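Next come the chains, spelled out residue by residue.
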Amino acid sequence: MGELQKNTRFEHLLRLADTNLILGHRMSEWIGKSPILEEELALTNIGLDLIGQARALYEHAVAVSGEEDNRDADDLVFLRDAPEYKNLLLVERENGDFAHTMVRQMFYSAFAVPVWEALTRSVDSEVAGIAGRAEKESLYHLRHASEWILRMGDGTEESHQRVQDAVDALWMYTGEMFDMDEVETAAFEAGHGVDLTAVRSEWEKTVREVLTAATLDYPEDCWMLKGGRTGKHTEHLGHLLSDMQFLQRAYPGQKW
Amino acid sequence: MYSQGLMGVEETPGGEQDLLDRFQARIDAGEKIEPNDEMPEAYRKTLIRQMSQHAHSEIVGVYPEANWVTRAPTLRRKLQAMAKIQDEFGHGLYIYSAAETLGVSREEMVGQLLSGKAKYSSVFNYPTLNWADLAVIGWLGDGAAIMNQIPLCRCSYGPYARAMVLVCKEESFHQRQGYEAMVALMNGSPEQKAMGQDAVNRWWWPIMMMFGPHDADSPNTETGVKWKIKNFTNDELRQKFIKATVPQAKLIGIEIPDPDLRFNEETGDWEHGEIDWDEFWSVVKGQGPCNHDRITARRKAHAEGAWVLEAAQAYAAKQAARNAA
Ligand SMILES: [Fe+2]
Ligand SMILES: [Fe+2]
């Protein structure tokens, strides 16, 4: 196992942090719009978990980067533009209806659970610690989303159609999760990362189980979009950032 | 958060004198009234109205804050804002459940909110126009709510009193957090200080109104006090609030936008300027700056979520049928 270069290590942490932050932010957009009051609590809770995970990762990334980079966690969140964001495309997609949000969550959490589980064995003890908590949280997120997908899929004709539409629409954003590019490969080989090709089979198994139980069709192979981890995003991310970063951009350099 | 605003007793207690006497004796002895105990109809109705207004206020009160939650300026503030909102939804749910022990369903109560029949705290019909509004809502809004809710921890109806104990702990936390966010702004740049002062200028009077009409103009307070569902009058609570707030404002350089506010050495009370009751009543009656937006947002969530609820019900019915087979 070789040493992981500092900038690769930083990049790897940033990818994880960005993905959790952006999905957490999407959850905060649901506030006041959820279908039932219990769901207001649940969605906010998921959002808090995800942003909490992101915050821990950003703070660690800042510590890892050391003196060469004097940005703090808030600078990373509020002062980077879309091309510098390294989140997965899936999580930046707009909330859409409740079916879209739950399918997006299930797709992501079914991935996050084995990723965090593997990261509990990271050579980076800080990451291993974060992963231990995050794995438990992600399991709850996965269960929550899966139960809703079951109810929507096996509910009414309308709900079945909506959730199937969401599965089909979001499918093309799932492929890049398992992409072992240079950063992921280097991180894995140095004991910091995860073998994402191995995660794929577990993800497919989970997703197939959920969709089958919900009487939904498992999509056929299709062209998969890529680019999130290298900063090539969909149109949706820019709008999220302009909302989230407004105060820091309009009143630069202040303490809040 | 919530403050009493319009509370009064539903109707003059009538009915059997025996029951009223027995009931009053229990209250005077400091006993808690529990869901299955006998109680005068006016007591039950008054509590349903008060508790449902309270629950609605917790829920509708989320909207002014939700308006800024996605724009919170740091990770810490973002997490704080989300956690506070989550608490408020929790309060709403908890108080709806407590009200259900009086024989009214949550659907019924929510239906009255959506139809516009039920009231909620008038203060939430004002807009949040800059980031400092969130700090001020926590500091002053939750601060005002605490004044009303702490005495409710000792109210005669058991389920409500117990709910208030938990709720008050969280509201106090919100109040301190709001003040701390305000301190950060008032220690900041001239622009941030201006935001803070602007927010207080806009919220001060609506928050003064939150305590409801002057005692002389609020009938039935007496019965409320007798039944221990209202332990202090509107003016007493307003006074407590001003007393607590003035030194906090001074400490951080906030000017309270009331030129007539002065301490009366003789009475030991703060005298404040005239409250614009015309404005208060027009907001209560639906003419406030955000009444329409708040109710529309609530109705929209309800309407857009209807298919999800139907799905859950259809699924439950199918499951029941499968289990029976
Ligand atoms: Fe509250
Ligand atoms: Fe509160």
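On a predicted model such as this, the values are computed, not experimentally measured, just so you know.

## A look at the overall build of chain B
Regarding its fold elements, chain B presents 12 helices and 2 strands. Beginning at the N terminus, the succession of helices and strands in chain B can be written as α-α-α-α-α-α-α-α-α-α-β-β-α-α. The C-alpha radius of gyration of chain B comes to 21 Å, within 12% of the 20 Å expected for a compact globule of 325 residues. Each of the three principal axes of chain B carries a C-alpha extent, and together these read 70 × 55 × 35 Å. Here chain B holds 325 residues, and 57% of them are scored as buried. Approximately 13,500 Å² of chain B is accessible, and the part contributed by carbon and sulfur atoms is 53%.

## Here we look at the coordination of the iron ion (ligand 2)
Coordination of the iron ion (ligand 2) by the protein involves Glu88(B) (OE), Asp142(B) (OD), Glu171(B) (OE) and His174(B) (ND1), with metal-donor separations of 1.8 to 2.3 Å. Considering all 4 donor atoms around the iron ion (ligand 2), angles at the metal cover 95 to 140° and the coordination shape is irregular.

## Regarding the pattern of salt bridges
All names here are of chain A. Enumeration according to the criterion identifies 34 salt bridges over all chains in this entry. A salt bridge links aspartate 179 to lysine 226; the nearest nitrogen and oxygen atoms lie 3.7 Å apart. Linking aspartate 179 in the loop between helix H7 (157–170) and helix H8 (182–189) with lysine 226 in the loop between helix H9 (196–213) and helix H10 (235–244), this pair joins segments that are 47 residues apart in sequence. Using a relative accessible area of 29% as the deciding quantity, one classes aspartate 179 as partly exposed. Residue lysine 226 is classed as exposed on the basis of its relative accessible area, which comes to 52%. Here glutamate 209 and lysine 205 are joined by a salt bridge, their closest N and O atoms 3.7 Å apart.

## Notes on the side chain of Glu88(B)
Residue and element names in this part refer to chain B. Inspection of the secondary structure assignment puts glutamate 88 in helix H4 (residues 75–100). Classification of glutamate 88 as buried rests on a relative accessible area of 1%. Of the polar contacts made by the side chain of glutamate 88, one reaches the side chain of histidine 91; its length is 3.1 Å. A polar atom in the side chain of glutamate 88 sits 3.1 Å from the side chain of histidine 174.

## A look at the nonpolar core
Counting residues in each nonpolar core, the largest one holds 179 residues, and the members touching the most others are Leu21(A), Tyr58(A), Phe107(A), Phe111(A), Tyr43(B) and Tyr157(B). Sort the elements by how many residues they give to this core and helix H5 (residues 98–119) of chain A lands first, with 15 residues. Ignoring anything within four residues of it in the chain, the contact list for Phe111(A) reads Leu88(A), Met177(A), Phe178(A), Leu196(A), Val199(A), Trp203(A) and Arg229(A).

## Regarding the interface of chain B and chain A
Residue-level contacts link 46 residues of chain B with 49 residues of chain A. For the pair chain B and chain A, the summed buried surface comes to about 4,200 Å²; carbon and sulfur atoms form 69% of the total. The tally of links between chain B and chain A comes to 3 salt bridges. The shortest N-O distance in the salt bridge between Arg322(B) and Asp154(A) comes to 2.8 Å. Counting across the chain B and chain A interface gives 15 residue pairs in polar contact (both at pLDDT 80 or more). Secondary structure elements with two or more residues in the side of chain B that touches chain A: helix H3 (62–69), H4, helix H7 (158–186), helix H8 (190–209) and helix H12 (291–324) of chain B. Broken down by element, the side of chain B that touches chain A gets its largest block of residues, 14 residues, from H12(B). Residues that form the side of chain B that touches chain A fall into these classes: 29 nonpolar, 7 polar and 10 charged.

## Some thoughts on helix H5 (residues 106–115) of chain B
Of all the residues in H5(B), the buried ones are Arg106(B), Met109(B), Val110(B), Leu113(B) and Leu114(B). Along the long axis of H5(B), the arc covered by the buried residues comes to 135°, so they all point the same way. For H5(B), the exposed residues lying more than 90 degrees away from the buried face are Glu107(B) and Ser115(B). The inward-facing, buried residues of H5(B) abut helix H2 (37–65) of chain A together with helix H2 (41–60), H4 and H12 of chain B. Count one or two residues on from H5(B) and you reach Gly116(B), which has phi positive near 90°.

Rules behind the numbers
Residues numbered from 1 in each chain as written. Chains lettered and ligands numbered in written order. Predicted model: local features only at pLDDT ≥ 70, side-chain atom pairs only at ≥ 80, totals over all residues. Heavy atoms only, no water. Helix = DSSP H or I, 4+ residues; strand = E, 2+ residues; numbered from the N terminus. Rg over C-alpha atoms; globule rule 2.2 N^0.38 Å. Buried < 20%, exposed > 50% of the residue type's maximum accessible area, 1.4 Å probe, protein only. Areas by Shrake-Rupley, 256 points an atom, 1.4 Å probe, with all protein chains shown as cover. Donors = N, O, S within 2.8 Å, 3.2 Å for Na, K, Ca; no water. Tetrahedral: all angles 85-135°; square planar, octahedral: opposite > 155°, others 65-115°. Salt bridge = Lys/Arg side-chain N within 4 Å of Asp/Glu carboxyl O. Polar contact = N/O pair within 3.5 Å; in protein donor to acceptor, adjacent residues only side chain to side chain. Core = buried A, V, L, I, M, F, W, Y, C linked by side-chain atoms within 4.5 Å. Contact = heavy atoms within 4.5 Å. Buried area = accessible area lost by both parts, 1.4 Å probe. Nonpolar A, V, L, I, M, F, W, Y, C, P; charged D, E, K, R; others polar. Arc of directions from axis to C-beta.

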